[in-house]
Amino acid sequence: MLTLTANAAQAIRSLTEGAPEPAQSGIRIASSGDDASSLTLSLATAPEPADAVVESEGARVYLDPVAATVLDDKSLDAGSDDQGAVSFLVTERAG
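Quick caveat, the model's predicted, so the values are computed rather than measured. (Residues numbered from 1 in each chain as written. Predicted model: local features only at pLDDT ≥ 70, side-chain atom pairs only at ≥ 80, totals over all residues. Heavy atoms only, no water.)

Here the structure, examined in full by the defined rule, presents 4 salt bridges. Among the ionic pairs, D51 bridges to R28, the shortest N-O distance being 2.7 Å. Of this pair, D51 sits in the loop between β3 (35-44) and β4 (52-56) while R28 sits in strand β2 (residues 26-32), placing them 23 residues apart in sequence. The same class applies to D51 as to R28, namely buried. (Salt bridge = Lys/Arg side-chain N within 4 Å of Asp/Glu carboxyl O. Helix = DSSP H or I, 4+ residues; strand = E, 2+ residues; numbered from the N terminus. Buried < 20%, exposed > 50% of the residue type's maximum accessible area, 1.4 Å probe, protein only.)

Here you go:
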């Protein structure tokens, strides 16, 4: 299952704290059509029925079935640029 770094968890909490339902809000990673090589990330107020849910340090990530398979052995990290724009990076999970 996808893991989250502390940076990613903090970034997700920051993005969702102003959402209408912050207790259930998270980010959703989904495949674009049938193409497993192209994933999209969006804010979500709740998971879709078939989504896998990853929770870490109060942050939630919802994964559609294709994304859950593609990201099964990966880690999600986050950082920000000089203007404060958040970017997410998928990396190979260590160990």
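Our focus in this paragraph is unusual backbone geometry. Positive phi is not limited to glycine here, since E57 has a value of about 50°. Inspection of the secondary structure puts E57 in the loop between β4 and β5 (59-63). Owing to a relative accessible area of 49%, E57 belongs among the partly exposed residues under this scheme.

Considered for burial, the residues of helix α1 (residues 6-16) that qualify are A8, A9, A11, I12 and T16. Angularly, the buried residues of α1 cover 165° about the axis, an arc narrow enough to put them on a single face. (Arc of directions from axis to C-beta.)

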